[in-house]
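Summary of the model geometry
The primary structure of each chain is shown beneath.
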Amino acid sequence: MEEKFNRLLFIPIAAVLFLMIGYQYVADKGLFQRYSPGFELVYTEADEDLPSKITSKFNFTERDLDRHVDFNIRGDDVMVFLHIQKTGGTTFGRHLVKNIQLEQPCDCMPGQRKCTCHRPGRAESWLFSRFSTGWSCGLHADWTELTSCVPVVMNKRDKKSAQKNKRNFYYITMLRDPVSRFLSEWKHVQRGATWKTALHMCDGRPPTQDELPACYSGEDWTGVPLADFMSCPSNLANNRQVRMLADLSLVGCYNMSSVSELERGRVLLASAKANLRNMVFYGLTEFQRKTQYLFERTFGLRFIRAFTQINSTRAASVGISEKVRWRIEGLNALDVELYEYAKELFLRRYQHNRQRQRQEEQTSPLRGGGETGCSCITEREH
């Protein structure tokens, strides 16, 4: 009886020991990543949410996937952040001014909305964003506004001649699942947000009231029901991501009578895809740590603290029926197609960079010593 009891007792003990040994083996192999002294940065995100074979719907070239740039922060290069509403841009914008390890960090004074992000040894800004230069080209300026405004503003700020100064402007942005983004904007507007001071400049002028009629009368749209929010045909929340990434001058700006609705949508979507594809970097709200990884690989810069994925947003707390979801997807059909395109390109860029990193680790010695098999991102030497 005692011998049988001992055998029964041995089974769970052996199982526990086996699990402990297995965990230690996995940890030693670097499958569970962690921060470790002596290394630059070790990621905590595994690849389990990235399928080994991404379903291919779009054709991307090697150039589309390999977007590394030698960002010259000491020279004249400028990073321009195109901030689309309700895409996590505020969080990402704060990362840019407060969370990048730099030789000369941005100077962020308590109580001040803007930080001073100067180049090492020069009183010139390397970053054009809400939290560095402010809304210098208008509130939430889009691609059409920024590309015509930023060079002029930066040359004026730095007192440089446009003819003598040839800058590299690296445009970056964040995108979000269209349904979640739309619901988040509705909740924001419901709380009193308007963005009515936005300029919407295109071809040298803002839209007329007939071209862009207001969705509400009074100071704001506080308390608007979702049904009313979806019913306004001039609501800029509809397909906002495509509109803000496209060259609006291609379709007569906000003049809806210049081309047919079908042709307008086709041209804007193609323009938004091209501009996004040619951007040196963009991130997705739903993939925070992959966004961090791609930014660091692209620019050779390193964040101090890891990005965190927060899924408990106001949009996530909104319960909607399938019928309402279909309606929102219909109103944002261009954004839905753009996001599908952006997501595949984003994941392919991530996969491409991971493969390149593994090849680099196999051919080059790791910096700083320590365990092998870690995912280390090193800051470019100045």
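Our structure's up above, just so we're on the same page.
Now for a look at the structure at hand. All residue numbers here refer to positions counted from 1 along the written sequence of the relevant chain. Totals for whole chains, interfaces and linings use all residues, but because this is a predicted model, local features are given only for residues with pLDDT of at least 70 and pairs of side-chain atoms are given and counted only at 80 or more. As a rule here, side-chain values cover all heavy atoms of the structure and leave hydrogens and water aside.

A few words now on the sheet that holds strand β7 (residues 281-284). Pairing in this open sheet of 4 strands is parallel, and the strands run β5-β1-β6-β7 from one edge to the other. Unpaired on one side and paired on the other, β5 (127-128) and β7 mark the two borders of the sheet. Paired strands are those between which DSSP finds at least two bridges. The numbering of helices and of strands both runs from the N terminus, where a helix is a DSSP run of H or I of at least 4 residues and a strand a run of E of at least 2. By the bridge criterion, 4 bridges tie strand β6 (residues 169-175) to β7 in an arrangement that is parallel. Each residue of the ladder has a partner; that of T173, found in β7, is Y282.

Moving on: helix α5 (residues 178-190). End to end, α5 covers 18 Å across 13 residues, agreeing with the expected 18 Å (1.5 Å per residue, within 8%). Buried means the residue's accessible area, taken with a 1.4 Å probe over protein chains only, is under 20% of the maximum for its type, while exposed means over 50%, and partly exposed covers the values in between. Along α5, the residues that are buried comprise P178, V179, R181, F182, L183, S184, E185, W186 and V189. Lining the buried residues of α5 we find α6 (226-231), α7 (240-245), α10 (322-331) and α11 (333-363). In the segment just after α5, G192 is the residue with positive phi, at about 120°. Multiplying 1.5 Å by the helix residue count minus one yields the expected span of that helix. Throughout, a residue-residue contact means that at least one pair of heavy atoms, one from each residue, lies within 4.5 Å.

Taken together, the 2 bridges between strand β3 (residues 118-119) and strand β4 (residues 122-125) define a ladder with antiparallel strand orientation. Counted as the bridge partner of R119 is R122 from β4.

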